[in-house]
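Here is how the chains run, residue by residue.
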Amino acid sequence: MNSIRRFKWTDMDAIMEIEQEAFPKSPYSGFTLSYYASAYRNNFLVYLVDGRVVAYIIFYPDGHIISIAVKPEYRRRGIGTELVNEVLKRTGGRAMVEVRMSNEGAKKFYRRLGFSLLGIIRGYYGNEDALVMGT
Ligand SMILES: CC(C)(COP(=O)(O)OP(=O)(O)OC[C@H]1O[C@@H](n2cnc3c(N)ncnc32)[C@H](O)[C@@H]1OP(=O)(O)O)[C@@H](O)C(=O)NCCC(=O)NCCS
């Protein structure tokens, strides 16, 4: 069974594993994830498959996506789409996100969700630019 619910502190180990698998070059630390969990507790959602945390999304109340990641073996099943749609539902259809220029999969993912290119932030990731995409 699949479901989406708010982050609980007992999810932290699973989230950190997903984070490290998804962003091996620059994973958020436990400290940063804990900050978001405290500051935006309504906007940190986890996705469960048969009771196991396999994905998460964190976003600001205005729909600015801070981070989204799905465990590799659960990708391309529509889970990321469900999480972004949950954000859109809560913001009346508004969302935006920064995406690494080289992250072809994520760029296709957001385009498929109806996001378009809003701008480019030079050097956003230090040595790499970000595309700003949004609805
Ligand atoms: C990006 C990410 C969250 C997508 O999650 P997902 O659950 O696999 O996405 P979905 O299954 O909902 O994908 C919906 C559609 O987006 C497109 N898409 C998603 N991932 C894609 C990829 N790697 N390559 C090409 N198209 C992709 C496809 O059109 C897909 O539909 P299809 O499977 O029927 O072809 C996931 O790949 C991930 O965790 N990546 C690593 C972390 C990351 O890059 N996060 C985004 C940072 S901004």
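Heads up: the structure comes first, above all this text.
Conventions used here
- Residue numbers restart at each chain and count upward from 1, following the sequence in its written direction.
- Totals for whole chains, interfaces and linings use all residues, but because this is a predicted model, local features are given only for residues with pLDDT of at least 70 and pairs of side-chain atoms are given and counted only at 80 or more.
- Only heavy atoms go into the side-chain values, all of them from the structure, while hydrogens and water stay out.
- Only buried Ala, Val, Leu, Ile, Met, Phe, Trp, Tyr and Cys residues count toward a nonpolar core, and they belong to the same one when joined by side-chain atoms within 4.5 Å.
- The buried label goes to any residue with under 20% of its type's maximum accessible area, the exposed label to any with over 50%, and the partly exposed label to all in between, with areas taken from a 1.4 Å probe on protein chains only.
- Elements are defined by DSSP. Helices are runs of H or I of four residues or more, strands are runs of E of two residues or more, and each kind is numbered from the N terminus.
- In this analysis, two residues are considered to be in contact whenever any of their non-hydrogen atoms come within 4.5 Å of each other.
- Paired strands, as defined in this entry, are two strands with at least two bridges between them according to DSSP.

Asks: Whenever I open this one, the nonpolar core confuses me. Can you help?
Replies: Proteins that are soluble and globular tend to have nonpolar side chains buried together. Of all hydrophobic cores here, the largest spans 25 residues; its most connected members are Ile57, Ile65, Ile79, Val84, Tyr110 and Phe115. Of all the secondary-structure elements, those providing two or more residues to this core are β2 (44-49), β3 (52-59), β4 (65-70), α3 (79-91), β5 (96-100), α4 (104-112) and β7 (130-134). If you tally residues by element for this core, the top one is α3, at five residues. Setting aside residues up to four positions removed in sequence, Tyr110 forms contacts with Ile65, Ile68, Val84, Val97, Val99, Phe115 and Met133. Ranked by size, the runner-up nonpolar core spans 15 residues in total, among them Phe7, Ile18, Leu33 and Val53.

Asks: I keep staring at the pairing of β2 and nothing clicks. Help me out?
Replies: Two faces, one strand: in a regular strand the side chains alternate between the faces of the sheet. Most of β2 is tucked away: six of the six residues are buried. Examined bridge by bridge, strand β1 (residues 2-6) and β2 share five bridges and lie antiparallel to one another. The residue bridging Arg6 from the neighbouring strand is Leu45, located in β2. Here β2 runs beside β3; their pairing, made up of six bridges, is antiparallel. Looking across to β3, one finds that Leu48 is bridged to Val53.

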